[in-house]
Amino acid sequence: MELKTKGYRLHNISPLFLFIEAVKKMVLPLLFGIVGTSGDRQDMFIIGIAAFASIVTIVQFWFYHYWLEEDRLVVKEGILFKSLRQVPYERIQNLNIERNLLHKFFKVGTLQVESASGVKPEAVIRVVADERIKHIQQVIKYKTALHQEASESPSTDTESIPTENAAVPLYQMSNKDVTKFGFISHKALVPIGIVGSVLSQNDYYRDKFISFAQKFVGDLHVELWAFTEWVVYGLMLAVVMLVSIWLSSIALAFLKLYQFKISRVDNNLHAEMGLLTKITANIPIKRIQLIKIKHSPLHRYFNKVAIKMETAGGVTEQNGITMRWIAPLVSRFNGQQLIAKIQPEVNWQAIEWLGLETRAWKRVFKRMMLFLLVPMVPLVYFYHWVGLTPLLLTPLVYIYAKAYIDKAGYAVNDQIVAYRHGVFFHSLSIVKITKIQNITYLQTPFDRRNQMARLSVDTAGSNPVTQDINLHYLDVEKVDELMLQLSEKVSQSKFVW
Amino acid sequence: MKTFDFKPLEIKYLMVFRISAVLVTLLVSLPPSVGVSKFWDLDWPLRVMAFLGIWLLLYGLSHWYSKHWYKAYRYKLTEAGLKIHKGVFWQQQNMVPRNRVQHIDITSGPLERKFGLSKLVVHTAGTRNASVTLPGLLLDDATDLRQELINTNQSEDTV
């Protein structure tokens with residue numbers, strides 16, 4: 001293909017960044033090499049592979065070119081396996097920029113272009129000078145706007161908010177919010193838990209840790225402890241663990257969400273966040289596929305909710321920069337206002353929630369009891385009567401089952417499908433009819449016994465695990481009717497990426 | 001716009017299903033018959049008998065299942081789109097609206113080709129059910145269906 005414009009290369013400083021990235025990739029094999037018990041030649045082998053891989057990564061710099069053509073972005077890369085990738089501007093879903101401290105120092109950044117192609121980002125342009133990034137952003141924005149004007153009816157233009165308003169952020173997080181967010185998220189629970197379990201299981205590290213701790217608190221004489229001492233020290237350890245989990249979770253939250261700000265620029269959402277590594281994301285509003293409002297018991301304690309979105313570019317955290325937040329922590333009322341501002345075309349007042357079948361609590365109850373009874377079998381076998389104690393939870397299970405059916409519900413109208421469920425961790429998902437890709441009806445043998453069925457809708461870039469819109473515990477007739485109704489509505493509405 | 005009411009798959013596809021069931025059950029019966037032979041320390045003739053017994057049992061089950069599976073598998077084309085019903089125990093209905101079709105594949109394996117059958121795979125931009133498969137169609141029917149779905153789609157699509 002003929003390229004009409006002059007191509008660009010990565011910034012001259014990029015070998016340094018690529019080297020750092022390669023070192024990062026080497027850390028894991030190196031850790032295996034050092035911490036691993038064998039210490040044989042195979043470790044050198046692993047390190048050798050890592051070193052070779054990193055050299056290849058650095059050399060790639062000289063083979064990386066990109067072009068900003070009239071209608072598309074072109075990226076050429078690869079040494080032996082060359083690839084030439086062309087992404088039309090109007091197909092670009094999200095445009096994310098990441099800058100860490102080193103990037104800031106050299107005034108460069110990483111640019112990630114997402115299309116609706118799936119898990120991997122369409123193009124990651126690693127080291128680009130700041131001015132160049134701005135230029136690329138402008139080019140893409142300008143060209144996309146040009147394309148939209150040409151192809152879209154003027155009705156969408158009336159929705160757009162004039163640019164003067166753009167400077168006012170729709171939502172931003174104060175430091176207090178970020179602290180609360182960190183506290184609620186308990187993000188550090190898993191890493192600290194892993195470290196804790198390694199410490200307690202591995203004799204060598206445990207001894208090291210105990211002798212390290214004894215440097216500060218004096219000799220503990222664990223072998224002489226009475227029961228009360230175990231309790232006191234155990235509680236102390238628990239408190240120390242909890243506090244350290246909270247503090248590190250808050251620290252993690254600050255790293256990620258410091259000065260989180262989301263604003264509307266024309267028909268895009270523009271988000272900024274991060275303390276050391278700063279992420280800037282640009283998401284076309286019409287590409288939002290699903291909006292999800294979540295709250296946990298801690299959220300409710302602070303009277304807040306979290307709002308997330310799904311876009312068609314299904315890049316996961318392992319594969320690149322992700323931006324899924326609309327508002328990490330916001331009061332319920334402000335959250336509703338925010339969503340209404342982002343999607344003003346939806347009539348949020350017209351949403352009428354319908355409940356699930358009340359008799360379905362029995363099914364939830366039975367399912368929960370099964371989870372209770374199966375582990376009880378070995379307990380009864382070994383401890384006889386004492387093994388029956390979990391049965392004391394039965395009233396709680398009953399309350400839970402009733403609450404589950406009570407809190408779950410669905411809503412369908414001409415514009416949206418919504419589903420909410422969850423007792424402790426509540427989530428509410430909304431999909432616009434235009435974003436529905438296909439509809440599935442499922443009836444399990446258990447459903448059939450209760451004359452029930454379930455209905456789920458699929459969207460682009462949706463999370464395959466959580467299955468957010470899955471209307472469950474409904475009478476067959478209702479599901480049949482819904483299926484018909486939705487098929488009709490979806491087939492009459494146009495899907496625009 | 002062409003539409004039709006529920007149709008079953010080609011009856012020949014039941015044969016395809018059963019032939020592959022024979023082959024699969026032959027393989028699947030191997031580990032349990034080895035286990036049984038080891039456990040009771042059987043002689044060779046008995047081992048073969050055990051294998052045949054297990055195989056017959058498994059194939060019998062899949063033969064019975066295939067009958068009901070075939071009966072449950074139906075599809076229809078409405079003005080809204082393609083709708084497929086399937087499943088014996090877990091009964092499923094998939095609905096692909098015409099204007100959500102991204103692209104359509106027609107594939108056919110060696111066994112299917114032998115019977116002149118092919119499989120239609122309809123892709124949407126979704127994630128979990130991004131593609132919906134409809135096996136056991138005559139090649140001509142599959143091509144017609146593909147053409148019909150693509151044609152109606154084109155008039156509306158502006159992406």
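For the structure itself, consult the block above.
Residues numbered from 1 in each chain as written. Chains lettered and ligands numbered in written order. Predicted model: local features only at pLDDT ≥ 70, side-chain atom pairs only at ≥ 80, totals over all residues. Heavy atoms only, no water.

### Quick notes on the overall build of chain A
Here comes step 1: When helices and strands are tallied, chain A shows 15 helices and 21 strands.
Here comes step 2: Out of the 497 residues in chain A, the part that is buried amounts to 40%.
Here comes step 3: Here chain A has roughly 27800 Å² of accessible surface; of this, 63% comes from carbon and sulfur atoms. (Helix = DSSP H or I, 4+ residues; strand = E, 2+ residues; numbered from the N terminus. Buried < 20%, exposed > 50% of the residue type's maximum accessible area, 1.4 Å probe, protein only. Areas by Shrake-Rupley, 256 points an atom, 1.4 Å probe, with all protein chains shown as cover.)

### Focus on the sheet that holds strand β1 (residues 8-9) of chain A
Residue and element names in this part refer to chain A.
Here comes step 1: Taken in spatial order, the four strands make up an open sheet running β1-β2-β3-β4, and their pairing is antiparallel. The sheet is open, and its two edges are formed by β1 and β4 (83-88), each paired on a single side.
Here comes step 2: Summarising the sheet, strand β3 (residues 72-77) and β4 pair through six bridges and their orientation is antiparallel. Within the sheet, the bridge partner assigned to valine 75 lies in β4 and is arginine 85. (Pairing = 2+ DSSP bridges.)

### Structural notes on the side chain of Ser33(B)
Residue and element names in this part refer to chain B.
Here comes step 1: Mapping serine 33 onto the fold places it in helix α1 (residues 12-40).
Here comes step 2: A distance of 2.9 Å separates the side chain of serine 33 from the backbone oxygen of leucine 30, its partner in a polar contact.
Here comes step 3: Discounting chain neighbours no more than four positions away, the residues touching serine 33 are Ala50, Phe51 and Ile54. (Polar contact = N/O pair within 3.5 Å; in protein donor to acceptor, adjacent residues only side chain to side chain. Contact = heavy atoms within 4.5 Å.)

### Some points on a nonpolar patch on the surface
Residue and element names in this part refer to chain A.
Here comes step 1: On the surface, Ile55, Val59, Trp62, Phe63, Ile79, Leu80 and Phe81 cluster together into a nonpolar patch covering about 750 Å² of accessible area.
Here comes step 2: By the element assignment, isoleucine 55 lies in helix α2 (residues 41-59).
Here comes step 3: A relative accessible area of 52% places isoleucine 55 in the exposed class. (Patch = residues over 30% accessible without salt bridge, like charges linked within 9 Å, V, L, I, M, F, W, Y side chains within 5 Å. Salt bridge = Lys/Arg side-chain N within 4 Å of Asp/Glu carboxyl O.)

### Some points on the interface of chain B and chain A
Here comes step 1: With 25 residues of chain B at the interface, the matching set in chain A holds 35 residues.
Here comes step 2: Of the roughly 2600 Å² buried where chain B meets chain A, counting both sides, 49% is carbon and sulfur surface.
Here comes step 3: Inspection of the region where chain B meets chain A yields one salt bridge.
Here comes step 4: Of the charged contacts in the structure, one is a salt bridge between Arg128(B) and Asp458(A), with a shortest N-O distance of 3.9 Å.
Here comes step 5: A per-element tally of the side of chain B that touches chain A places strand β4 (residues 91-97) of chain B first, with seven residues.
Here comes step 6: Counted by class, the side of chain B that touches chain A contains ten nonpolar, eleven polar and four charged residues.
Here comes step 7: In this structure, strand β19 (residues 436-443) of chain A lies alongside β4(B), joined through five bridges in antiparallel fashion. If you follow Tyr441(A) over to β4(B), its bridge partner there is Gln93(B). (Buried area = accessible area lost by both parts, 1.4 Å probe. Nonpolar A, V, L, I, M, F, W, Y, C, P; charged D, E, K, R; others polar.)

### Let's talk about empty space enclosed by the protein
Here comes step 1: A full pass over the atoms with the stated rule returns two cavities of 30 Å³ or more.
Here comes step 2: There is about 40 Å³ of room inside the largest cavity.
Here comes step 3: Lining the largest cavity, in full, are Leu290(A), Val431(A), Val457(A), Asp458(A), Thr459(A), Ser462(A), Asp468(A), Ile469(A) and Arg128(B).
Here comes step 4: In terms of residue count, the dominant contributor to the lining of the largest cavity is strand β20 (residues 452-459) of chain A (three residues).
Here comes step 5: The residue inventory of the lining of the largest cavity, partitioned by class, reads four nonpolar, two polar and three charged.
Here comes step 6: Of the volumes computed, that of the second largest cavity is approximately 30 Å³.
Here comes step 7: As for the second largest cavity, its lining consists of Ile288(A), Gln289(A), Leu290(A), Ile291(A), Gln343(A), Ile430(A) and Lys432(A).
Here comes step 8: Broken down by secondary-structure element, the contributors of at least two residues to the lining of the second largest cavity are β12 (288-295) and β18 (426-432) of chain A.
Here comes step 9: The greatest single-element share of the lining of the second largest cavity, amounting to four residues, is contributed by β12(A).
Here comes step 10: Taken together, the residues of the lining of the second largest cavity sort by class into four nonpolar, two polar and one charged. (1 Å grid on protein atoms, 1.4 Å probe; cavity = no way out; pocket = protein on both sides within 12 Å on 5 of 7 lines; lining within 4 Å. Points joined across faces, edges and corners; volume = space filled by probe spheres on them.)

Remember, this is a structural readout, not a statement about activity or role.
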